[in-house]
Amino acid sequence: MNKIHVKTNINGDQVEFLADSRETLLDCLRDHVGLTGSKEGCGTGDCGACSCIFDGELVSSCLVLGVEAEGKSIETIEGMAGQEDLHPLQKKFIEMAALQCGFCTPGILVAAKALLEKNNNPTETEVRYWLAGNLCRCTGYDKIIKAVMETAKDIRETA
Amino acid sequence: MQYHTPSSFSEAVTISNSADGLVKYLAGGTDVLVQLKIGNNSPDHLIDIKKIPGVKEIALREDGGWTIGAAVSGVQLTNHKKLSREWPGLVEGMELVGSAQIQSRATLVGNLCNGSPAADSVPGMIAAGATVSVVSSSGTTEVLVEDIPVGPGLTNLGTGEIITAVNLPKRNKHEGDAYLRFIPRTEMDIAVVGCAVNLSLENEVIRSAKVVLGAVGPKVEVATPAAECLLGENLDENILSIFSDKCSELAKPISDKRGSEEFRKEVIGVIAKRAAKKAYDRALGNK
Ligand SMILES: Cc1cc2nc3c(=O)[nH]c(=O)nc-3n(C[C@H](O)[C@H](O)[C@H](O)COP(=O)(O)OP(=O)(O)OC[C@H]3O[C@@H](n4cnc5c(N)ncnc54)[C@H](O)[C@@H]3O)c2cc1C
Ligand code: FES
Ligand code: FES
């Protein structure tokens, strides 16, 4: 199989990898770039564990081909925390125990961050709909939704 | 699988016509990548149309209608205030497709060409009287959206025929559309039944109507006899009940795990009635 050379930007770094045309962006992130924070729960767009920001937009990276990343910029969970500090959402998730096994957490954090960047005052319903593409088999969602609402509140208060 | 990134539709047509094996196009990829994953209908050639200039544009034509590029995503439609105001039913159909993650990628054209009888954006496009521009080696033609699907997973498009855009007619005053579907959950599910209605009024009386039923037959179907019940009427309870029965009668659903035939026939009547009311209110200007 001849591989395709892909040059892209991930979390601010120029990255190159060789991809088979059928490989998903998720496969490429995990297997070629070594960024294993994005998870594969389903591989078919249903669970959101693979959520990334692709060209400024929230996507399921299992539904993007690796070769589509050429010339694009991608943000993954690995780019979420600052040099020193965790992102406010990450801190709040820990503080409020909004995770159990943690498999869904990277995807949920990436998706929640995308929401709060467009709307820092979402209603609970808006948060629930926005996260409808992120499945969690452990928490029952309540703590997740509360943590996102609380973070939004903190962001508004410090803004 | 060979991955192609043509920079024009004519180049895409040439690649398609000279390729051997199964050819597919990559718009948002939310159907194609799932098929790749499960190894179902996996293409030998995948032609990514997103590098073609203009495919992500929404443009107002001189005649007052809209041209929506083949790779315009659900999010782009939702964020387009003027288009959403003129065609709320069409936009809400597309908005129902998947999650926020899916909305960033999924397109009207992909939804149409995947050929699902339950495709949520297709009834709204047909009700709107939308056409698609189809390019092939013999030039570009404009085809009604309703003439594209022919059965589950099947379209009328031949080898080397590619959709470049969806065209909506000019929106006039006192017109309104709506799309509603029934799903057992609140989000992230496939329509058990769906219905789009597009109306135009004159002194609050329905002058023209288009009614389209989804998920109750092998393809999305135009329900002309149901639309005819509405003509010359004000949409009172009596007419709505005749209309609802007509939609149930016209529906030819199958029974499957998501709903029996009887259930679907009954629910399509209810959903159609609500969609008609909503379209009527919008045409009156009451949202
Ligand atoms: C988790 C999930 C949830 C979903 N929920 C829904 C839902 O609620 N309702 C619903 O209707 N659908 C749903 N879908 C299906 C899918 O998202 C939609 O059908 C979507 O609109 C497809 O658009 P796309 O751009 O991603 O298509 P693609 O996958 O890019 O393409 C789909 C088909 O269209 C063809 N095609 C693409 N562009 C062209 C072109 N320019 N000319 C000719 N042919 C072309 C391709 O060859 C392919 O066969 C869901 C999918 C997932 C993964
Ligand atoms: S792994 Fe991508 S959505 Fe589940
Ligand atoms: S914490 Fe286990 S899946 Fe969400």
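Conventions used here
- Residues numbered from 1 in each chain as written.
- Chains lettered and ligands numbered in written order.
- Predicted model: local features only at pLDDT ≥ 70, side-chain atom pairs only at ≥ 80, totals over all residues.
- Heavy atoms only, no water.
- Domains from an automatic or database assignment.
- Buried area = accessible area lost by both parts, 1.4 Å probe.
- Salt bridge = Lys/Arg side-chain N within 4 Å of Asp/Glu carboxyl O.
- Near = heavy atom within 4 Å.
- Polar contact = N/O pair within 3.5 Å; in protein donor to acceptor, adjacent residues only side chain to side chain.
- Areas by Shrake-Rupley, 256 points an atom, 1.4 Å probe, with all protein chains shown as cover.
- Contact = heavy atoms within 4.5 Å.
- Helix = DSSP H or I, 4+ residues; strand = E, 2+ residues; numbered from the N terminus.
- Nonpolar A, V, L, I, M, F, W, Y, C, P; charged D, E, K, R; others polar.
- Buried < 20%, exposed > 50% of the residue type's maximum accessible area, 1.4 Å probe, protein only.
- Axes fitted to C-alpha atoms, helices over the stretch in contact; angles between N-to-C directions.
- Parallel < 35°, antiparallel > 145°, perpendicular 65-115°, else oblique.
- Left-handed = near helix turned anticlockwise from the far one by under 90°.
- Pairing = 2+ DSSP bridges.

Caption draft 1: Expanded view of the domain arrangement of chain A. Residue and element names in this part refer to chain A. For chain A, the domain assignment lists domain 1 (4-79) and domain 2 (88-158). Computed over C-alpha atoms only, the centres of domain 1 and domain 2 are separated by 22 Å. Counting each side, the surface lost to burial between domain 1 and domain 2 is near 1000 Å², with a carbon and sulfur contribution of 68%. Summed over the shared surface of domain 1 and domain 2, the number is one salt bridge.

Caption draft 2: Geometry of the site of ligand 1. Contacts to ligand 1 come from 37 residues, most closely from Gly 28, Thr 30, Asp 31, Thr 107 and Asp 120 of chain B. Neighbouring residues of ligand 1 are not confined to one chain but are distributed across chains A and B. Take Gly 98 of chain B: an N or O atom from its main chain is 3.2 Å from a nitrogen atom of ligand 1. Expressed as a share of its isolated accessible area of 990 Å², the protein-covered part of ligand 1 is 92%.

Caption draft 3: Representation of the interface of chain A and chain B. Listed per partner, the contact involves 29 residues of chain A and 24 residues of chain B. A buried area of about 2100 Å², summed over both sides, lies between chain A and chain B, and 60% of it is on carbon and sulfur atoms. In this structure, the connection of chain A to chain B is made through three salt bridges. Between Lys 50 of chain B and Glu 68 of chain A there is a salt bridge, with its nearest N and O atoms 2.8 Å apart. Connecting chain A to chain B are eight residue pairs in polar contact (both at pLDDT 80 or more). Secondary structure elements with two or more residues in the side of chain A that touches chain B: strand S3 (51-54), strand S4 (57-60) and helix H4 (124-130) of chain A. Per element, the largest residue contribution to the side of chain A that touches chain B is four residues, and it comes from S4 of chain A. Per-class residue counts for the side of chain A that touches chain B are 14 nonpolar, 10 polar and five charged.

Caption draft 4: Representation of unusual backbone geometry. All names here are of chain A. Its identity as a non-glycine residue notwithstanding, Asp 55 has a phi of 55°, on the positive side. The residue Asp 55 is located in the loop between S3 and S4 in this model. Take Asp 55: its relative accessible area is 43%, and that puts it in the partly exposed class.

Caption draft 5: A look at the packing of helix H3 (residues 105-118) of chain A against helix H5 (residues 142-158) of chain A. Residues and elements named next belong to chain A. Packing of H3 against H5 leaves a shortest axis separation of 11 Å and a crossing angle of 40°. It follows that H3 is oblique to H5 by the angle criterion. Note that H3 runs across H5; the crossing there is right-handed. Here H3 contributes Ile 108, Ala 112 and Leu 116 to the contact with H5, which in turn contributes Ile 144, Val 148, Thr 151, Ala 152 and Ile 155.

Caption draft 6: Spotlight on the sheet that holds strand S3 (residues 45-48) of chain B. Residue and element names in this part refer to chain B. Taken in spatial order, the three strands of this open sheet run S1-S3-S2, and their pairing is parallel. The open sheet has two free edges, formed respectively by strand S1 (2-4) and strand S2 (23-26), since each of these has just one partner strand. Geometrically, the sheet is characterised by an average inter-axis angle of 25° between neighbouring strands, direction not taken into account. Of the strand pairs in this sheet, S1 and S3 are connected by three bridges, and their pairing is parallel. Of the residues in S3, the one forming a bridge with Tyr 3 is Leu 46. Contacts between helix H1 (residues 9-18) and the sheet are confined to S1, S2 and S3, with S3 contributing the most and set at about 175° to the helix.

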